Amino acid sequence: MNDKLRAVYWELDQLHLLDQRLLPNKHQIMVLKTATQVAQAIKDMVVRGAPAIGITAAYGVVLAAKAAYKNDPNNSVAIIQSDIETLAKARPTAVNLVWALQRMQAKITSNSIAILLEEAQAIQQEDIDANHQMGDLGAAVLPENCRVLTHCNAGALATGGYGTALGVIRSAYAAGKISQVYADETRPWLQGTRLTAWELLQDNIPVTLLADSAAANLMKQQRIDWIIVGADRITANGDVANKIGTYSLAVLARQHNIKFMVVAPTSTIDMNLTSGDQIIIEQRPSEEILTKNNLKGAKAWNPSFDVTPANLVDVIVTEKGVIKPNAISSFRKN
Ligand code: MRU
């Protein structure tokens with residue numbers, strides 16, 4: 001129920017990606033044939049969102065293995081390894097990418113296409129299952145008639161399916177607990193407008209869009225109860241990297257006495273980093289900002305993510321339970 005969209009899928013022995021650069025105007029599927037194409041598609045944001053990037057890269061390893069076993073079976077393990085390194089570099093901030101590649105790496109033998117495909121499909125299915133669990137857990141935390149604000153797109157399009165932050169919103173809406181969903185535009189790439197609003201409308205969930213800079217005023221007018229966002233990486237101390245603008249929402253939420261929820265599977269937790277200061281923040285091309293106004297001569301600063309300190313987060317919802325950010329350290333180091 002309420003889970004029709006798939007950003008990534010394996011069908012007829014081929015990897016298919018819904019091209020998110022073209023949404024909502026065009027529904028175009030790309031079929032990818034090589035691991036290099038997969039790495040480029042992740043870099044170019046054909047597919048985006050932390051869990052979806054990891055799942056796509058996992059299928060990229062299947063493509064790498066197919067090519068290696070066919071073209072140079074004696075060197076297949078080294079060739080696949082080199083493709084894994086290329087995939088790992090596609091985008092730096094979301095830890096799910098490296099997490100999924102590590103899982104795939106553990107399954108490589110001298111002839112393991114079927115095993116690798118099974119593992120990639122398991123990664124995707126486990127993600128969908130985790131999202132449904134988080135949906136239920138997060139929805140249970142929300143009060144009746146809840147008015148929520150979300151940022152970026154942490155929905156089916158950003159995951160294996162159903163979504164993290166949007167999974168909670170879907171489940172809570174189905175339970176009759178949501179009276180209003182607001183979505184930030186999410187500049188400069190407009191994930192909120194092009195993806196989140198569109199995705200919610202596919203499920204007939206009413207949504208109100210606002211410019212990112214309008215969120216402060218909306219909070220001041222006491223028109224939001226909970227802010228619900230996803231995450232790209234959560235460090236051992238509970239700091240959260242997510243789409244640029246998340247930190248300002250968390251600061252504003254504290255100022256206006258509004259609750260702040262982060263929804264992320266345990267694959268987004270990086271116990272190897274002790275704090276958010278150590279997270280590599282991706283810088284996106286200046287053109288994403290400058291070409292909008294055809295401005296020549298100016299420079300642009302375009303970080304794709306920011307870090308929200310743990311003390312501004314009220315709860316983190318994972319598939320294993322709802323916890324306070326300072327309890328992240330109870331998760332095992334991987
Ligand atoms: O640059 P993007 O679109 O990949 O950024 C996505 C986000 O910041 C999401 O909120 C995050 O990956 C969580 S997706 C479930």
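These figures come from a predicted structure and were not determined experimentally. Each chain carries its own residue numbering, running from 1 in the direction its sequence is written. Confidence filtering applies because this is a predicted model: local features only for residues at pLDDT of at least 70, side-chain atom pairs given and counted only at 80 or more, and all residues used for totals across whole chains, interfaces and linings. For the side-chain quantities, the full set of heavy atoms in the structure was used; hydrogens and water were omitted.

To continue, consider the site of the ligand. As a matter of local geometry, the ligand sits amid 19 residues, with Arg48, Arg91, Gln191, Asn242 and Lys243 nearest to it. Pairing of N or O atoms within 3.5 Å defines a polar contact, subject to two protein rules: one partner must be a possible hydrogen donor and the other a possible acceptor, and residues neighboring in sequence count only if both atoms are side-chain atoms. Here an oxygen atom of the ligand sits 2.6 Å away from a polar atom, N or O, in the side chain of Asn242. Contacts to the ligand include Lys243, whose side-chain N or O atom sits 2.7 Å from an oxygen atom. Method for areas: the Shrake-Rupley scheme with a 1.4 Å probe, in which residue coverage is limited to the protein chains shown. Protein contact buries 100% of the 420 Å² of open area that the ligand shows by itself. Of the residues belonging to the shell around the ligand, the class tally is 8 nonpolar, 7 polar and 4 charged. For each domain, the first and last residues come from an automatic or database assignment. Inspection of the shell around the ligand shows a minimum of three residues originating in each of domain 1 (8-128) and domain 2 (136-330). In these notes, residues near a molecule or strand are those with any non-hydrogen atom within 4 Å of it. Charged residues are taken to be Asp, Glu, Lys and Arg, nonpolar residues to be Ala, Val, Leu, Ile, Met, Phe, Trp, Tyr, Cys and Pro, and polar residues to be all remaining types, Gly included.

What follows is about the sheet that holds strand β3 (residues 29-32). Read from one edge to the other, the open sheet built from 3 strands follows the order β1-β2-β3, with strand pairing classed as antiparallel. The open sheet terminates on both sides in strands that have one partner only, identified here as β1 (8-11) and β3. Within the sheet, the average angular offset between the axes of one strand and its neighbour, ignoring direction, is 30 degrees. Taken together, the 4 bridges between strand β2 (residues 14-18) and β3 define a ladder with antiparallel strand orientation. Strands were regarded as paired on the criterion that DSSP finds at least two bridges between them. Runs of H or I in DSSP of at least four residues are treated as helices and runs of E of at least two as strands, each being numbered from the N terminus. Interaxial angles span 0 to 180 degrees and are taken between N-to-C directions of axes, which are lines fitted to C-alpha atoms, for helices over the stretch in contact.

Here we come to the domain arrangement of the protein chain. With domains assigned, the protein chain is organised as domain 1 (8-128) and domain 2 (136-330). Computed from C-alpha coordinates alone, the two centres of domain 1 and domain 2 are separated by 25 Å. The criterion used for residue contact is that any of the two residues' heavy atoms lie within 4.5 Å. In this assembly, 25 residues from domain 1 lie in contact with 28 residues from domain 2. Buried area counts how much accessible surface, traced with a 1.4 Å probe, disappears from two parts once they are put together, with both parts' losses summed. For the domain 1 and domain 2 pair, buried surface summed over both sides reaches about 2,200 Å², with 56% attributable to carbon and sulfur atoms. By the criterion of area lost to domain 2, the three top residues of domain 1 are Arg48, Thr93 and Val95, representing 28% of everything that side buries. Any Lys or Arg side-chain nitrogen found within 4 Å of a carboxyl oxygen on Asp or Glu counts as a salt bridge. At the boundary of domain 1 and domain 2, one finds 1 salt bridge. Residues Arg91 and Glu282 are paired through a salt bridge, measuring 2.8 Å at the closest nitrogen-oxygen approach. Remark: the boundary between domain 1 and domain 2 carries 17 residue pairs in polar contact (both at pLDDT 80 or more). When residues of the side of domain 1 that touches domain 2 are traced back to their parent elements, those giving at least two are α2 (50-71), α4 (96-105) and α5 (113-141).

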